[in-house]
Amino acid sequence: MPDAQYFQKTGEHFVIPEHPGNYDATIANNAAYAVQARAEADHTIRINDIEMAETFALLIKNQIITAIEEDYLDDLNDPDEGILHSTPIDLLLHIFDCHGLIT
């Protein structure tokens, strides 16, 4: 679903979160041990959630590529990288925009 349509239905934009980095730089060096431990645990949870989302996106992308005939994805296929940089949303929108309704 394109972002504009998602926004129209939900009132919010769908944003894929970015990886927060390996360490939370917002934790003060002189933070109390409990505060620092909690912040580090929260940061680890955010990293795990994002990595899980990236894994699911890759699995879904692979399912789409396996299920769709190559001809429908040729326009996205780079000679050097294939369709490496395409997201599942990119693939589905391309199929819908270029080849019509998916049934």
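Quick notes on the rules
Residues numbered from 1 in each chain as written. Predicted model: local features only at pLDDT ≥ 70, side-chain atom pairs only at ≥ 80, totals over all residues. Heavy atoms only, no water. Helix = DSSP H or I, 4+ residues; strand = E, 2+ residues; numbered from the N terminus. Rg over C-alpha atoms; globule rule 2.2 N^0.38 Å. Buried < 20%, exposed > 50% of the residue type's maximum accessible area, 1.4 Å probe, protein only. Salt bridge = Lys/Arg side-chain N within 4 Å of Asp/Glu carboxyl O. Patch = residues over 30% accessible without salt bridge, like charges linked within 9 Å, V, L, I, M, F, W, Y side chains within 5 Å. Areas by Shrake-Rupley, 256 points an atom, 1.4 Å probe, with all protein chains shown as cover. Core = buried A, V, L, I, M, F, W, Y, C linked by side-chain atoms within 4.5 Å. Contact = heavy atoms within 4.5 Å. Expected span 1.5 Å × (residues − 1). Lys, Arg positive; Asp, Glu negative; His and termini not counted. Axes fitted to C-alpha atoms, helices over the stretch in contact; angles between N-to-C directions. Parallel < 35°, antiparallel > 145°, perpendicular 65-115°, else oblique. Nonpolar A, V, L, I, M, F, W, Y, C, P; charged D, E, K, R; others polar.

Further remarks concern the overall build of the protein. Looking only at helices and strands, one finds three helices and zero strands in the protein. Reading the protein from its N end, one meets helices and strands in the order α-α-α. For 103 residues, the compact-globule estimate of 2.2 N^0.38 gives 13 Å, and the protein exceeds it by more than 25% at 19 Å. Its C-alpha atoms give the protein principal-axis dimensions of about 60 × 35 × 20 Å. Residues counted as buried form 15% of the 103 residues belonging to the protein.

Turning our attention to the pattern of salt bridges. Within this structure, the stated rule accounts for two salt bridges. A salt bridge links Asp-24 to Arg-46; the shortest N-O distance between them is 3.4 Å. Taken together, the residues Asp-24 in the loop between α1 (3-10) and α2 (33-67) and Arg-46 in helix α2 connect sequence positions 22 residues apart. Take Asp-24: its relative accessible area is 12%, and that puts it in the buried class.

Turning next to a nonpolar patch on the surface. Taken together, Met-52, Phe-56, Leu-59 and Ile-60 make up a surface patch of nonpolar side chains, about 390 Å² in accessible area. Residue placement: Met-52 occurs in helix α2.

This part covers the nonpolar core. In terms of nonpolar packing, the biggest core is built from five residues, these being Ile-64, Leu-73, Ile-83, Leu-91 and Ile-95. Here Ile-64 is in contact with Pro-88, Leu-91, Leu-92 and Ile-95, once residues within four sequence places are set aside.

Glancing now at α2. Here α2 contains 35 residues, and its C-alpha end-to-end distance of 51 Å stays within 8% of the 51 Å for a straight helix at 1.5 Å per residue. Here α2 has its buried residues at His-43, Ile-47, Ile-50, Lys-61 and Ile-64. Elements in contact with the buried residues of α2: α3 (88-99).

Turning our eyes to something else, we now look at the environment of Leu-76. Position of Leu-76 among the secondary structure elements: in the loop between α2 and α3. According to the relative accessible area criterion, Leu-76 is partly exposed, its value standing at 25%. Taking the C-alpha atoms as reference points, Leu-76 and Ala-53, 23 residues apart in sequence, are found 22 Å from one another. Excluding residues that lie within four positions of it along the chain, Leu-76 makes contacts with Gly-82, Ile-83, Ser-86, Asp-90, Leu-91 and His-94.

With respect to the helices and strands, Lys-61 occurs in helix α2. Among buried Asp, Glu, Lys and Arg side chains, Lys-61 stands out as unpaired, with Asp-90 the closest opposite charge at 7.9 Å. Setting aside residues no more than four positions away along its own chain, Lys-61 makes contact with Ile-83, Leu-84, His-85, Ser-86, Pro-88 and Leu-91.

Our next topic: the packing of α2 against α3. At their nearest, the axes of α2 and α3 sit 9 Å apart, and the two run at 30° to each other. It follows that α2 is roughly parallel to α3 by the angle criterion. Between α2 and α3, the contacting residues are Ala-57, Ile-60, Lys-61, Ile-64 and Ile-65 on the first element and Pro-88, Leu-91, Leu-92 and Ile-95 on the second. By residue class, the composition of the contact of α2 with α3 is eight nonpolar, no polar and one charged.

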